[in-house]
Every structure is written in C-alpha cells, then in structure tokens.
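Topology and contacts: notes
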Amino acid sequence: MIQAKNRGRLPLPQPASVQLRRSYAESRFGQVHVWTAYPSGGGFDERTPLLCLHHAGGSGRFFAPMLRELGTDRSVYAVDLPGHGTSDAPVGKFSVADLAGAIGDFIDSLRLRSVDVFGYQLGALVGAELAIARPQQVRRMMVWGVPGYAPQDRVTVLPQGMRDDGSDVIEDWRRALETRGPGVPVSAVAEDFSDRLRAGVAGARAAATLADYAVGERLPLVRQQTLVLRLKDEFWDTAPRARSALPSSSMLDVSDFGQGFLSAAPQRFAAVAKEFLDR
C-alpha cells in the first residue's frame, strides 16, 4: 500500500555525501602530503576548490574537522607544507615565497584553473605570496592569525633550542592547554602538539621564516578580496592591522571563539566560509 502511494513521485533528496582521501603530489621540494575532501557524486566544478594552508609546526590535519562540512559542493585540499606532516622537507634555508612556490607546484599538478585560499598564521602568509604570484588563479582569500611582528620584536618569537631533560616540551604542552579557546577538546590540542613535535627542526625553521617575513610590505600587494577572521587569541590585536594592509579586505569578529576554532565549531566556520566564498 505504501509503495502504491509513493509511485510516480520524485525520489526524496539524499544528504550530500563527502569522500575523504589522503594522497601525495610532487613539488620542487619533493612530495607533499594532501588531505582532500570532495563530493562523492562528482560536481567538482560546482564551487571553486578551496586550498587550506596551516601554521608553522602544524599539518593539514589542522583542517580535518571542517573538511566534511565544506566538501559537499567543492573540493577541499589541506596540504602539509614542506617539512611538515609527512611532506618532504626543503634542504637548506627557505622563505615564505619558496613555500608558496611549492604550493603552486601542487596546484599545477592538479591543473586547477582557479582556487580560493584559507591560510592560518604561516599559511596566511604563504597564501598571500601565492596570491601575489598568481593573481589569475587565486580568486579569494580567507586569513586567520596573520602575524604582525615589528622588527624589534622578531627575536622574541624565534624558536628556542630543545633541552635534554624535555622540560621545554612540558612547558609547551602546558602553554597549549592554557591558550586553547572555548570548546576545544584536549584531543585536538594533543593532535596539533604531536604535529609540532614531528615537524621538529623544519617547524622551527618555518617559524623563523615567518618571523622574518615583511608583512607590512607584502600584504598591500594582495589584490584579491580577502576576509580577515578576528578571534580571541594571540592575534586579536594584529587582525585590524592585517585588515588595513590588505587593499580589498573586510574583517569579521568571531570573539566567542579563540585558538582551536576549527575543532570547537567546524559548522560555524563552514557557514562563515560559504557566506564569503560563495557570494
């Protein structure tokens, strides 16, 4: 009887299914590891693909909580920057522009005609360099945690050497717990902490590279529409400066969240991202 009543009707819409994959691609520094989300039924071109770039000492896993949220109608690529996660590390000294070049190699390997970029801390600067170098490919940008170090302050953010007794690791762990934002589970802090330990020397070199970056000189060269996220974290005061430096930018206060925003509220982040990227 139920089948007879439903005969001839259109099928009920099914919830979007997202495929999550991990893979490797080639770059000038060797292989880069990529966390990917995409719609299971195809539709890769329905929305512009989103490229996610993490912080110094992190990995693409940082974006894992929101991959499924954003992968319903676009491809999302969270790349382990060279020397991070399971990506090959550069040999010798490298710059933010060098990291951007490696990400450009990844874009070319996938033959992506256009991408949106979301960058966090170091990833925001790598994204800025990518946008400057490839103005026709990078469509829009979202940034969070853009550092704004004055030259006299840069020495204070350079990584310190490891201690034989491991006390530096204990101090870093306590600091990570103390600075996590509202709603962030300990498991998310532990994952990020393990990524930093794994990055080791490469992560420390990346942090030093970040500190040397001429934020005030380079950001004004970014012409793409950019959304600056301002959260209750250590970059609360630098966000307005980043907003002023970026010619075509706006700023969104998300003051009810802080460090670990993606883990605490992936759906909230996805809503913010879609509202900006899909205009």
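Our subject in this report is the structure included herewith. All values derive from a computational prediction rather than experimental measurement.

The subject of this paragraph is the sheet that holds strand S8 (residues 249–258). Strand order in the open sheet made by the eight strands is S1-S2-S4-S3-S5-S6-S7-S8, with mixed pairing throughout. Each edge of the open sheet carries a strand with a single partner, namely strand S1 (18–27) and S8. Strand after strand, the sheet turns through a mean of 20° between neighbouring axes, direction not considered. Most of the contacts of helix H4 (residues 122–133) go to strand S6 (residues 138–144), to which it runs at about 160°, and overall it touches strand S3 (50–53), strand S5 (115–120) and S6.

All right, on to the environment of Ala273 then. Positionally, Ala273 belongs in helix H10 (residues 266–277). Taking the C-alpha atoms as reference, Ala273 lies 7.9 Å from Met142; in sequence the two are 131 residues apart. Apart from the residues lying within four places of it in its own chain, the contact partners of Ala273 are Leu70, Met142 and Asp278.

Further remarks concern helix H3 (residues 96–110). The first and last C-alpha atoms of H3 sit 22 Å apart over 15 residues, in line with the 21 Å expected at 1.5 Å per residue. Along H3, the residues that are buried comprise Val96, Leu99, Ala100, Gly101, Ala102, Ile103, Gly104, Asp105, Phe106 and Ile107.

Within S5, six of the six residues are buried, which leaves the element mostly enclosed by the surrounding structure. The two faces of S5 match: Val115, Val117 and Gly119 on one face and Asp116, Phe118 and Tyr120 on the other face are all buried. Here four bridges tie S3 to S5, and the two strands are oriented parallel to one another. Following the sheet pairing, Leu53 is matched in S5 by Gly119. The pairing of S5 with S6 spans five bridges and is parallel.

Turning next to the nonpolar core. In summary, soluble globular proteins display a tendency toward joint burial of nonpolar side chains. In this structure, Leu51 and Leu122 are the most contacted members of the largest nonpolar core, which totals 41 residues. Looking at this core, the element that brings in the most residues is H4, giving seven residues. Apart from residues no more than four positions distant in its own chain, Leu122 is found in contact with His54, His55, Ala56, Leu81, Val96, Leu99, Ala206 and Leu210. Within the second largest apolar cluster, 30 residues are counted, among which are Phe62, Met66, Phe257 and Phe276.

The subject of this paragraph is the packing of aromatic side chains. All told, the structure shown has 11 aromatic pairs when counted by the stated rule. A ring pair is formed by Phe63 and Phe118, whose centres lie 5.7 Å apart and whose planes are at 75°; its orientation type is edge-to-face. One end of the pair, Phe63, is in the loop between S3 and helix H2 (64–70); the other, Phe118, is in strand S5, and 55 residues separate them in sequence. Each member of the pair, Phe63 as well as Phe118, carries the same accessibility label: buried. A cation sits over an aromatic face here: Arg230 above Trp236, 3.7 Å from the ring centre. Looking at Lys232, its charged tip hangs above the ring of Trp236, at a distance of 4.2 Å from the centre.

Attention shifts here to the pattern of salt bridges. For the coordinates displayed, the defined rule picks out 13 salt bridges. Notably, a salt bridge pairs Arg134 with Asp108, separated by 2.8 Å at the nearest N-O pair. Placement of Arg134 in the loop between H4 and S6 and of Asp108 in helix H3 is noted, with a sequence separation of 26 residues between them. Overall, Asp108 belongs to the partly exposed group, its relative accessible area being 41%. The residue Arg175 makes a salt bridge to Asp172 at a minimum N-O spacing of 2.7 Å. With Arg175 and Asp172 both in helix H5 (residues 167–179) and three residues apart, the pair spans about one turn of that helix. Taking the relative accessible area as the measure of exposure, Arg175 reaches 43% and is therefore partly exposed. Put simply, Arg47, Asp73, Arg74 and Asp278 are held in one network by salt bridges that share partners.

Moving on, we come to H5. Taking 1.5 Å per residue as the helical rise, H5 with its 13 residues ought to reach 18 Å, and the 18 Å between its terminal C-alpha atoms agrees with that figure. Residues of H5 that are buried sit in contact with helix H6 (186–212).

Before going further, it helps to spend a moment on the packing of H5 against H6. Here H5 crosses H6 at 140°, and the two axes come no closer than 10 Å. In the packing of H5 onto H6, the handedness of the crossing is right-handed. Contact residues: Val169, Asp172, Trp173, Ala176 and Leu177 in H5; Val186, Val189, Ala190, Phe193, Arg196 and Leu197 in H6. Of the residues in the contact of H5 with H6, the class split is nine nonpolar, no polar and two charged.

Calculation rules
- Residues numbered from 1 in each chain as written.
- Predicted model: local features only at pLDDT ≥ 70, side-chain atom pairs only at ≥ 80, totals over all residues.
- Heavy atoms only, no water.
- Pairing = 2+ DSSP bridges.
- Helix = DSSP H or I, 4+ residues; strand = E, 2+ residues; numbered from the N terminus.
- Axes fitted to C-alpha atoms, helices over the stretch in contact; angles between N-to-C directions.
- Contact = heavy atoms within 4.5 Å.
- Expected span 1.5 Å × (residues − 1).
- Buried < 20%, exposed > 50% of the residue type's maximum accessible area, 1.4 Å probe, protein only.
- Core = buried A, V, L, I, M, F, W, Y, C linked by side-chain atoms within 4.5 Å.
- Phe/Tyr/Trp six-rings, centres within 6.5 Å; stacked < 30°, edge-to-face > 60°.
- Lys NZ or Arg CZ within 6 Å of the ring centre and 35° of its normal.
- Salt bridge = Lys/Arg side-chain N within 4 Å of Asp/Glu carboxyl O.
- Left-handed = near helix turned anticlockwise from the far one by under 90°.
- Nonpolar A, V, L, I, M, F, W, Y, C, P; charged D, E, K, R; others polar.

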